[in-house]
Structure formats: structure tokens, C-alpha cells
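Structural overview for review
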There are 2 protein chains.
Amino acid sequence: MNGNTQGSRHKVVIVGAGFGGLSAAMALKNADVDVTVIDRQNHHLFQPLLYQVATAALTPAEIAAPIRSVLKDQMNTTVFMDAVIGVDPKERRVHTAGGRDIVYDTLVLATGARHSYFGNDSWAAHAPGLKTIDDATRLRQRILLAFENAEMVEDDRERRADLTFLIVGGGPTGVEMAGAIAELARSVSHDFRNIDAKSARTILVEGGPRILPQFDEKLSAQAEEDLAELGVEVRTNAMVTEISDGVAKVGDEELAVSTMIWAAGVQASRAAQWLGVEASRAGHVVVGPDLTVPGYPEIYAIGDTASHMPEGAARPLPGVAPVAKQMGQYVGHRIKRIAAGKDPGGRFRYHDLGSMATIGRNHAIAEMGRLKIRGLIGWLFWGIAHIYFLIGFRNRIAVLFSWIWAYITWQRGVRLITGINGTKAIDAASSAQPAELPPTPPASRKAVA
Amino acid sequence: MNGNTQGSRHKVVIVGAGFGGLSAAMALKNADVDVTVIDRQNHHLFQPLLYQVATAALTPAEIAAPIRSVLKDQMNTTVFMDAVIGVDPKERRVHTAGGRDIVYDTLVLATGARHSYFGNDSWAAHAPGLKTIDDATRLRQRILLAFENAEMVEDDRERRADLTFLIVGGGPTGVEMAGAIAELARSVSHDFRNIDAKSARTILVEGGPRILPQFDEKLSAQAEEDLAELGVEVRTNAMVTEISDGVAKVGDEELAVSTMIWAAGVQASRAAQWLGVEASRAGHVVVGPDLTVPGYPEIYAIGDTASHMPEGAARPLPGVAPVAKQMGQYVGHRIKRIAAGKDPGGRFRYHDLGSMATIGRNHAIAEMGRLKIRGLIGWLFWGIAHIYFLIGFRNRIAVLFSWIWAYITWQRGVRLITGINGTKAIDAASSAQPAELPPTPPASRKAVA
């Protein structure tokens, strides 16, 4: 089973196995090159459905696939689970946290993005964002613990704060998150005795004049209406000016909120810094028409790492999955042609397949050129498209099953609170291993405050 | 939706929602009492399948159910997610880590057990056991990272250690774990380029003369044969005398092992200490014929917390799920009868339904009285029984689907490495939040050693 790694072949190193990196690797399947894919995680993640993990509708495994499973039949491809910490473009080497130096002839940087708090980095601890499986399970833990705590606590103010959810940012992620939390609150209401979970407040704050500004105005108005129907309070033209533990300031109003979620801005990975090249304000590598980095024809930057201005366009392509995917495919095919001694082909052209966002049960909006869909049809369309694009046949069936089950029963199957050292908390309390005692047991998070 | 909690009704407090506690709560469904169930976790866990989560065959959500979901239709029952830290039997109060004092008229202690390292507590960090979802996902992470590291590492000795798995304890858990790891190694072998995952060594160490000593000798010989067929090295009459980072001493032999798993002994929870009553050597509360604690007719101890000697038996009942479940049902019905002013009924009687253990694909053994089953029939029987006993109709379908899928495709769907601050590791390397930098990125765990 050892790979056919030959020292003499052209070496392609792909950093990151998100939509961009994985597409590039897959496009190189039969190319006469050696491919090394490096990712800090062992799995490719279908980020568009990550909010459903955070709101206990899907399990992590349903939206993730081991990178090496996806690429197992590509005998020219090796996968390393390691974190890249720098690039030496002169020596053509990639440095990893694992202490490896990996030599490349061609480098593809697809390292994605993280959240940006616009200089207020202290907000991150109180209003986390959603990029990885661990982000999602931590957020799921916070949301579910808020209900648990509300059920137990005796102080009215604290209970209100526990039953208030604030989402910052009215783009697709913020809208989908707000809708999903409102639905979660409805679906769990029969499980509690001391609180009315349905009375939970979900507040969506957007700085601009309307939510989902990338959509047609009518569709974004429809989305706002759909959210209102679910009980979500949408506040447009509203700025969050302060976030601290349990308190958010929206304009002049101070809100007591236990759970806050950040969906307002992203910052590209450090790729531009590694290379010492020009970056956009948000840290993207500004790439040329063929997605190479200026001055480095052998280095490509794609997806959320890159800023690409299409010919004649007013602004760069957005940081969404289809852009990353098409960039990866383009770069993969280009490298393959170059390796085969063929003409590398023309510039990158993005084919806009449209945008979609779901608001909740039976409600979504979709816009494809002039075609605008909403309501139940939009929702079914959204569901089919997401199932279709999920990697791995098994995951498709599993997600479909989870969705149909949830639709019929109104139940969520994945309401697990994990990773809180819960084990250790009771060890602390009741078992034979006091050495594992955490400073504060999870359930006491706020109860004694 | 607020419960009909009346101050005057008889108050039953159940600590722990494992098989024992949950059965007791369910048996009190229509009783004229107020029930409070306290658990440090929000979910009931189907522990017999936990090893399948640790070996990436099932997801955590498939074998867990939120306690409040299970009990949602019992309007006399309130669920608190909190950790009990003590009991005041004179005042009839339970103290929790969340700072609550909960008053009871009747108390049911079903707080389970933890691993025992027989005084070698330092072994716990190197050879963890398997009791909770977090234990299982941590173990899954260790096992999968061992393969990842082996694929990358250049040192032969280190690679051998990464591809060696040691399981201590030849009871059902150890046997099932050993079989599952051997199967995992086979199923992932196509995904790697630099290693032959199939060559991984799985070593099962048992101190006694045979594995699965609770079974008939022929069946345990069959299990040993089945394990050998999977490539597991079974060492009986062998003692682990030392465990440290990456090294285990079995008898006189020193083994270099990256992944060790403890399945050798348990220690009851602290319930006996809380009450200041007689405990067995392993910390169990020694209960009377009606499962009450001597001197406290209003306190019951059940499941792995209790030691119960049936009339005329040579030794106490084993710490297995059916015992806990039947004890819970017995105690629930007894409390119900007492609350209704009826005769409490006779002593507890355990109905032994037999024992089962699975070794791997198509192989299991089962013993029900004189009936002894093995091979494919045993395996199907094992599967059907476990699906049947899983709580929650949704989980049954999901597990069935996962098993059938894995059987047909030989693939495991859940090979996720999570909870290793993987996110943060690459942040450290490549993004805008250096504040989140962990001391050592996960992938470098050993690579630079």
C-alpha cells in the first residue's frame, strides 16, 4: 500500500483541504505529479451546514469526511495531518508545526479564514464564531447549557439572560443560525418543567440597512418576515458596540445575554504574511488572473485565502464555497496541463450558480440570476442542493435521514453536551480520582454567581 | 409547561441517569410522587456500545439520548444537570456542585463507577478507560492520531510504537475493544501511503488464565480463536507491571506502545463515603435484600454503586447493565407502592438473561443458561439485542443504518479527530489570533521527539 512517490516527479503541495484545496487535489487525480495535501484536521468539513451541528440538528460526522478517505484512490496523493507555520518561497519549502520541511515545485495555499472582531479581540471569548467542528460542538454546548441553567436557576434576571440569544451579523450564517436557534427553542419546550423554552428571545443584529444584502431586496424582506414569524427579533442599522461576559451593548441598549454568536466578519489566514506579499485589508492574498501570487508563478492562493477581482468587476469574488471549489478545480487542471507540457489555459472565470439561505422549516430563499425562489419550494431546493454537494454517499443518506426524521417528529436527535469535562466534574464530586478535579464543575457555571 | 411540583408530595431524588437511575425514574412515571433526576451529563449513555464510538464505528449521538427527552412525558419528573457532591442523610438533603441543596424523602443513589488502577493512579493518563462520551472521543482521537503520526514519522521505532495497541483486561470491554481496533486497522489500510495499517499490532493482556472468564470455557476459547483470526495477540496469565508514556511492561517484556486502553477494573462512586456506611473493597455500598442502605430505609443504592449478594449466592451480582436496569425497576416500583400506601413487596430478585460479547464482524458469543451461541448466529443475536435495548427509536434506526453501511462497505463513517484544539493549532500557525496559541500543536505531538 505504499505510495508511488518518486523523487523526480513534479511535487505539488496543497495546504488546506477545505472546498478549495480538496477540489484542487481531486482535479490532480490522474496528473503526472506527486501531490501532498497538508491539513491540521483529519477531515474535510462541509461548512455550509455547520450551524446545524451547533444547533443539534446534525452530528459532526454527518458533515465531515476523513480527507484520506476522500483521496484514498488517488495513488499519487499523500495526506499529512499537520499545521503549516510558514513558507520559504526562495527554497520552495513549507514548514510545519510537526517539524517537517516539505519541498514543493508548485504550492497551492488554501488555508481559509478565521473570524475578525474588527480589533475587538476580547469579544472572541464571549461571542465565538463558527468555522470548525470544535467551534460547533462548543457552541452547541453553550446553547444547550443555557437552557439547562435556566431550568435550574432561581434568579429571574439570570433566567432571562440564559433564555436570550444574540447573533451578530445578518449574512447567511447569522440568518441561518438565528432561525435554527428559534426552532431549537420550540422543539425542546416540552422537555422543561420550570421554564417556557418557547419564550426564549433570539436577536439578530445587522449593521447595514437589511439582512442578506447579497440577495435581491424582495428576498431579503421575505427572509426578515420568515424570521419574525419564528419569533426572531431582527435589528437592522444596529451596531454592537460592546461585548463582555453576559452583556452586549447594541447601540445604546444594554442586553443581558448568556449566549452570543459572532457571524459578522472574517479575516484571511496568514498566507500573505508567510510570503511577504500584498494583502487586502482583511488579509487576503491579492492574486492575478490565473490565481497565482504576484512574483511567484509557482504559488497559487485560492478560496478564502485569496482576493480575486474578475475582469471588469466592481469588487472581488465573495468568500463562499462555490468560489473556492471552482478556484480549486481551475488550479488543479492548470497544474495538470503544465505538468503534461500543455498550454496552461486562460484566466480563471467564476460561474455564479446563485445563492441560497434557509430560515427554518419550510422557509428558504434562493437566487439564481433572474430566478428567485422562496418559501417551501426554496426550502426543498436548498435541501436538495446541500445534500447533492455533500461529500460522501454515506453522509448524504445520513443527513437526509436526520432531516426527514426531524421534519416528521419535530425532534432533534443530537442534543449532546460534550467536551465540558463533565466526566471530571462528577469524578470531582463522587469518584476515586480527585486528581482530575476541575476548578469549577460545569453545572455550577453560573448557579452560585 | 411548568411541572406540577407540589410541596406536600413525597419527594424522590434520583442521583444518576444511567441504566439504574433512568429505569427507576421511568418506573415512577404514574406514581403519586415528585421525582427529581440529577445527572452531571445531559444525556443517558448506552455504555455497552461505547467502544464502537472509540473505534469510529458509531457517533456519540447514536448511543446517547438527552435525559429530559426520555422523561419529557413524565410530568411528575424534573431533570437537573448538576453534579452531586455530598449527602446529608440526617437532614435528608443532597448537596450539588451547583450550590443547590435538594431535599428528599426517598433517595436513590445510582452514581455508577469509574476505573480503578489498583493504586497505580499515574497509569490513568497513559492508559485511559472508557466510561463516558468524552472518554470515547478522546480515545478515538488517540487511536486515529496514532495512525496519522505513523504515516508521517520517519523513525522506525516510533512508527512501530504508533502501530501498537495495548488493551489491559480480558473482560467483555477489553475483548470488544481489541477486536474493534484490529478491524479498524484493516478498514483504513487503503487510506495510507507510507504505512501498512493492517500490520498494526493489537495486544490484549489478561491476568487470569483465560479471557471472558464469566463465560463457559468453550465460548471463551472460541473468542480467543476469533481474536487470533483478526490478528489480535492474546496474552493470558500476563500482568502489566508498569505503564508510562509510550512504554508498558508486561511481565518482563518492555513494549513500546503509543496507545493503551484500560479495561481491567472498576471502582464504585463515592456514595458509600457520602453516607459513611460500609463499603466493599471496590467502594460499593453493601445493600440489603430490598436494596436499601443499612440504617437508612429511605436510601437505595443500585447498579454499579451497590454490592448486592443474592440469597444463597457465592458472590455479589456483577456490575453490568441488566443488573442496574432490574434494580432500578425494582426500586421504582417499590417506592410507588409505598407512596400508594401498599405493601412494598418482597426482596430484589435478579433474572439473569445471560451474557454476550462480540469479537468482530460475524463473530460473537452469547450464553443464556444452557444455551450457548457463537459465530454468525451469535453475532446477529448480539446485534439485534443491542438495537432492541437502545433507548430512542431514532437511535435504533441510526445505529442499524451505520452497522449495515459498515458491513456492506467495510468503511467507518466516523473517523473524526476532534477536541484537540486543532482549530487553535492552525490559528497559532496561520491566522489572526495568536492569543489562542496552544503550547504544542497536536500534529507535533511526537514528531519532533
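As the structure is a computational prediction, the values presented were derived from the model and not from experiment. By convention here, each chain's residues receive numbers from 1 onward along its written sequence. A letter from A marks each chain and a number from 1 marks each ligand, given out in the order of writing. With the structure being a predicted model, the display of local features is reserved for residues of pLDDT at least 70 and the display and counting of side-chain atom pairs for 80 or more, all residues being used for whole-chain, interface and lining totals.

Observations regarding the overall build of chain A
Looking only at helices and strands, chain A features twelve helices and 25 strands. In terms of overall size, chain A behaves like a compact globule, its C-alpha atoms giving a radius of gyration of 23 Å where 449 residues would be expected to give roughly 22 Å. In terms of principal-axis extent, the alpha carbons of chain A reach across some 70 × 60 × 40 Å. Burial analysis of chain A (449 residues in total) assigns 55% to the buried set. Only DSSP runs of H or I covering at least 4 residues are called helices, and only runs of E covering at least 2 are called strands; the numbering of each starts at the N terminus. Here the globule rule reads 2.2 Å times residues to the power 0.38, and the radius of gyration is calculated from C-alpha atoms. The exposure scheme places C-beta atoms from the backbone and then counts, for each residue, the other C-beta atoms within 10 Å of its own, assigning buried at 20 or more, exposed at 12 or fewer, and partly exposed in between.

Focus on the nonpolar core
Residues enter a nonpolar core if they are buried, belong to Ala, Val, Leu, Ile, Met, Phe, Trp, Tyr or Cys, and are joined to the set through C-beta atoms within 7 Å. Counting 276 residues, the largest nonpolar core has A:Val108, A:Val168, A:Ile302, B:Val108, B:Val168 and B:Ile302 as the members making the most contacts within it. Not counting the four nearest positions on each side in its chain, B:Val168 is found in contact with B:Ala127, B:Gly174, B:Val205, B:Val240, B:Met260, B:Ile261, B:Trp262, B:Ala263 and B:Ala264. Contacts here follow a simple rule: the backbone-placed C-beta atoms of the two residues must lie within 7 Å.

As for the sheet that holds strand β14 (residues 240–244) of chain A
Residues and elements named next belong to chain A. The pairing criterion for strands is at least two bridges between them, as found by DSSP. Taking strand neighbours across the sheet as the criterion, the three strands line up as β14-β15-β16 in an open arrangement whose pairing is antiparallel. Where the open sheet ends on each side, the last strands, each with one partner, are β14 and β16 (253–256). Averaged over all pairs of adjacent strands, the angle between their axes in this sheet comes to 15°, without regard to strand direction. Taken together, the four bridges between β14 and strand β15 (residues 247–250) define a ladder with antiparallel strand orientation. By the bridge assignment for β15, Ile 243 is matched with Ala 248. A fitted line through C-alpha atoms represents every axis, and for helices the fit uses only the stretch in contact; the resulting angles, taken between N-to-C directions, go from 0 to 180 degrees.

Section: the domain arrangement of chain A
On domain assignment, one finds that chain A holds domain 1 (10–40 + 82–115 + 266–339) and domain 2 (121–264 + 361–409). Bear in mind that the domain bounds are from an automatic or database domain assignment. Relative to domain 2 of chain A, the C-alpha centre of domain 1 of chain A lies at a distance of 32 Å.

Remarks on the confidence of the model for chain A
All names here are of chain A. The predictor's confidence in any single residue is recorded as pLDDT, a number from 0 to 100. Per-residue pLDDT for chain A averages 88, and the proportion of residues at 70 or more is 91%. Under a pLDDT of 50 for its full length, residues 1–6 has, in the predicted model, 14 contacts with residues more than four places off or in other chains. For this predicted complex, the interface confidence comes out at an ipTM of 0.84, alongside a pTM of 0.87.

Thoughts on the environment of B:Ala282
All names here are of chain B. On the secondary structure map, Ala 282 appears in the loop between α8 (271–275) and β19 (285–286). The spatial distance from the C-alpha of Ala 282 to the C-alpha of Gly 354 is 24 Å, given a sequence separation of 72 residues. Beyond its immediate chain neighbours, meaning those up to four positions away, Ala 282 contacts Ser 116, Val 266, Gln 267 and Ala 268.

Describing the pairing of strand β21 (residues 296–301) of chain A
Residues and elements named next belong to chain A. Note that strand β9 (residues 106–109) and β21 share three bridges and pair parallel. Its bridge partner lying in β21, Val 108 is registered against Tyr 300. For strand β20 (residues 292–293) and β21, the ladder comprises two bridges, and the chain directions are antiparallel. Looking at β21, one finds that Thr 292 is bridged to Tyr 300. Where β20 folds back on β21, the antiparallel hairpin that results is connected by two residues, among which Gly 295 adopts a positive phi of roughly 90°.

Some remarks on the sheet that holds strand β25 (residues 371–373) of chain B
Residues and elements named next belong to chain B. Strands sit in the order β23-β24-β25 across an open sheet of three strands; the sheet is antiparallel. In this open sheet, the two edge strands, each paired with only one partner strand, are β23 (355–360) and β25. On average, each strand axis in the sheet is inclined to that of its neighbour by 5°, with strand direction left out of account. Bridging between strand β24 (residues 363–368) and β25 involves three bridges; their strand directions are antiparallel. Its bridge partner being in β25, Met 368 is matched across the sheet by Leu 371. On the sheet, helix α10 (residues 375–389) packs against β23, β24 and β25 and is oriented at approximately 75° with respect to β24.

Digging into the pairing of strand β11 (residues 164–168) of chain A
Residue and element names in this part refer to chain A. Here β11 lies mainly inside the structure; five of its five residues are buried. What you see with β11 is no split at all: Thr 164, Leu 166 and Val 168 on one side and Phe 165 and Ile 167 on the other are buried throughout. Where β11 meets strand β12 (residues 201–205), five bridges bridge the pair, whose relative direction is parallel. Counted as the bridge partner of Thr 164 is Arg 201 from β12. Throughout, right-handed denotes a crossover for which the path from the first strand over the helix to the second runs clockwise when the strands point away from the viewer. Since β11 and β12 lie parallel, the crossover through helix α6 (residues 172–187) that links them has a hand, and here it is right-handed. Pairing geometry for β11 and strand β17 (residues 259–262), over four bridges, is parallel. What sits directly across from Ile 167, in β17, is Ile 261.

Considering the packing of helix α1 (residues 19–27) of chain A against helix α9 (residues 321–339) of chain A
All names here are of chain A. Interaxial distance between α1 and α9 falls to 7 Å at its minimum, and their mutual angle equals 30°. Here α1 lies roughly parallel to α9, going by the angle between them. The handedness of the crossing between α1 and α9 is right-handed. Each of Phe 19, Gly 20, Gly 21, Leu 22, Ser 23, Ala 24, Met 26 and Ala 27 in α1 lies in contact with α9, whose residues at this interface are Ala 321, Ala 324, Lys 325, Met 327, Gly 328, Gln 329, Val 331, Gly 332, His 333 and Lys 336. For the contact of α1 with α9, the per-class residue count stands at nine nonpolar, seven polar and two charged. Any angle that falls under 35 degrees is termed roughly parallel, while one over 145 is termed roughly antiparallel, one within 65 to 115 roughly perpendicular, and all others oblique. In this scheme the crossing of two helices becomes right-handed for a clockwise turn of the near helix relative to the far one and left-handed for an anticlockwise turn of less than a right angle. Here the nonpolar group is Ala, Val, Leu, Ile, Met, Phe, Trp, Tyr, Cys and Pro; Asp, Glu, Lys and Arg are the charged ones; every other residue, Gly included, is treated as polar.

What about helix α6 (residues 172–187) of chain B?
Turn by turn, an α-helix covers 3.6 residues, leaving residues three or four places apart pointing in a common direction. Each helix should span, by expectation, one fewer than its residue count multiplied by 1.5 Å. Helix length check: α6(B) (16 residues) gives 22 Å between terminal C-alpha atoms against 22 Å at 1.5 Å per residue, within 8%. Among the 16 residues of α6(B), 15 are classified as buried, and the element is accordingly described as predominantly covered.

Thoughts on the environment of A:Glu151
All names here are of chain A. By the secondary structure assignment, Glu 151 is in helix α4 (residues 133–152). Residues Glu 151 and Ala 197, spaced 46 residues apart in sequence, show a C-alpha to C-alpha distance of 9.1 Å. With residues up to four places along the chain from it excluded, the contact list for Glu 151 reads Phe 192, Asn 194 and Ile 195.

Re helix α4 (residues 133–152) of chain B
In this model α4(B) runs 29 Å from its N-terminal to its C-terminal C-alpha over 20 residues, within 8% of the 28 Å that 1.5 Å per residue would give. Among the 20 residues that make up α4(B), 15 are buried, leaving the element largely enclosed by the rest of the structure.

Considering unusual backbone geometry
Of note in the backbone geometry, A:Ala56 takes a positive phi value of approximately 65° without being a glycine. Turning to its location among the elements, A:Ala56 is positioned in the loop between α2 (50–54) and β4 (64–66). For A:Ala56, a count of 25 C-beta atoms within 10 Å gives the class buried. In this structure, B:Leu212 takes a positive phi of about 50° despite not being glycine. With respect to the element layout, B:Leu212 can be found in the loop between β12 (201–205) and α7 (217–229).

Structural notes on the environment of A:Ile14
Residues and elements named next belong to chain A. Within the secondary structure, Ile 14 sits in strand β1 (residues 10–15). Separated by 25 residues in the primary sequence, Ile 14 and Asp 39 have C-alpha atoms spaced 8.6 Å apart. Leave out the neighbours within four places in its chain, and Ile 14 touches Gly 21, Ala 24, Ala 25, Val 35, Val 37, Val 108 and Ala 110.

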